[in-house]
Amino acid sequence: MKTSFLVNLTCSNCGKTFSAEAVQTYCADCNSPLISNYDLNSARAYLDRDELKTCPKGMWRWHELLPVFDSQNMVTLGEGDTPLLKIPQTGNRLGLSNLFVKDESGNPTASFKARGLSAAISKAKELGVKKVIIPTAGNAGGAMAAYAARAGMSALIYMPKDTPIANMVESRMCGAEVILVDGLISDAAKLANEKARAEGWFDLSTFKEPYRMEGKKVMGYELAESFNWTLPDVILYPTGGGTGLVGMWKAFNELEELGWLDDKKRPRMVSVQADGCAPVVKAFNSGASSCDFWQGAQTTASGLRVPKSFADRLILADIRASEGTAIAVSDAAILTAQKTLAAQEGIFAAPEGAACLAALEELINQKWVKPDERIVLFNTGSGLKYLDGIKQGG
Ligand SMILES: *Cc1c(COP(=O)(O)O)cnc(C)c1O
Ligand SMILES: [Zn+2]
């Protein structure tokens, strides 16, 4: 039985090749993320797309297209295979006949960060890593703590001191050491990096290790399967580090190479950010190929409080290749959308997920979407993780 068709990795910038048998981080020559390559010719001959449906549910039913060579190293908590929910009330209100939410809130640790950390911790385990470190805006830390606990690794987490309490509690509950930082994720990253260098912790920062993206790309596979091996017309993705956006675009490339798409038409990818931290939107609108560091980042959608992604070039390139766009919404619009999604559809979304609905309303105003297009909003986590700021009305 073939467990994985992973062959090697290449630098997303210079194309230099890296071994899949050793611990990898990023290309130090050009300070850019690494991309995992699979032997898709062999995979095409070996795999049947329709048989995958009959495998036990979850992200690892795609294991041939994931990076772990020995199935004993797969560290799972049941992540993946989240529902694609039609939201007809909201669709009717907005005049859209095919509006969906890919609801990631049911993942372990209640956010889609579980997918990336399941993949990354599994591969780290396979390569003998014993201690992991991460700077986080919140949910990545909680997910890392959970998967590290399950893998028997030590976990050290740096998070801004105003991160939602749920993230601190879940991390500590899972046995991680949590260090609260007076600053943003970018400040946490500097401290984590120093600590990692000094004491030999393996750094799981977004895109500074190659496999979180591999876990998140599976959202793209699941969408293709849900839409019967076609892809939706528009995907709205709340973008911090951009792992899912870049990952799903990679997944679409792989599906096309596998010959699994009955219709090769690609979705237009929409990067959604908060107007208090919108580096991708600013760069997209100015035609730039990289992002400037966003000064004074501030938003209630903590997962979007990322002043500059390490994969900014890839995010911008993929949005443009998809003929997509990037759009910023206010925190007020996010909170309104959060209430609407909960009250009309029963989905108590994370603010990051609610931001997608707020952005969609803006795109409708701009006539950027058509009434019958298949539109998918990503709800990336549960609203229950963000109770700190919510006021109880009488
Ligand atoms: C991390 C996070 C995001 C942003 O995801 P990226 O892949 O880093 O862009 C969005 N929503 C939630 C709930 C998150 O935790
Ligand atoms: Zn390089």
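Residues numbered from 1 in each chain as written. Chains lettered and ligands numbered in written order. Predicted model: local features only at pLDDT ≥ 70, side-chain atom pairs only at ≥ 80, totals over all residues. Heavy atoms only, no water.

> So what exactly am I meant to see when it comes to the environment of Gln89 here?
Mapped onto the fold, Gln89 is located in helix α2 (residues 88-94). Looking at Gln89, the relative accessible area reads 43%, which means it is partly exposed. Distance from Gln89 to Ser4, taken between C-alpha atoms, is 42 Å for residues 85 residues apart in sequence. Sequence-distant contacts of Gln89, defined by excluding residues within four places in its chain, comprise Gln344 and Glu345. (Helix = DSSP H or I, 4+ residues; strand = E, 2+ residues; numbered from the N terminus. Buried < 20%, exposed > 50% of the residue type's maximum accessible area, 1.4 Å probe, protein only. Contact = heavy atoms within 4.5 Å.)

> Please explain the nonpolar core as it appears in this structure.
Generally speaking, nonpolar side chains in soluble globular proteins are found buried as a group. Counting 63 residues, the largest nonpolar core has Met248 and Trp260 as its most contacted members. Among the elements that line this core, the one with the most residues is helix α8 (residues 243-258), at eight residues. Not counting the four nearest positions on each side in its chain, Trp260 is found in contact with Leu47, Arg49, Leu52, Trp62, Leu65, Trp229 and Leu255. (Core = buried A, V, L, I, M, F, W, Y, C linked by side-chain atoms within 4.5 Å.)

> I would appreciate a short explanation of the packing of aromatic side chains in the present structure.
Under the criterion given, the structure shown has eight aromatic pairs. Look at Tyr26 and Phe310: their rings are 5.2 Å apart centre to centre, the planes differ by 75°, and that puts the pair in the edge-to-face class. Highlighted residues: Tyr26 in the loop between β2 (17-19) and β3 (34-38) and Phe310 in the loop between α9 (279-286) and α10 (312-321), separated in sequence by 284 residues. With a centroid separation of 5.2 Å and 85° between ring planes, the pair formed by Phe100 and Phe227 is classed as edge-to-face. (Phe/Tyr/Trp six-rings, centres within 6.5 Å; stacked < 30°, edge-to-face > 60°.)

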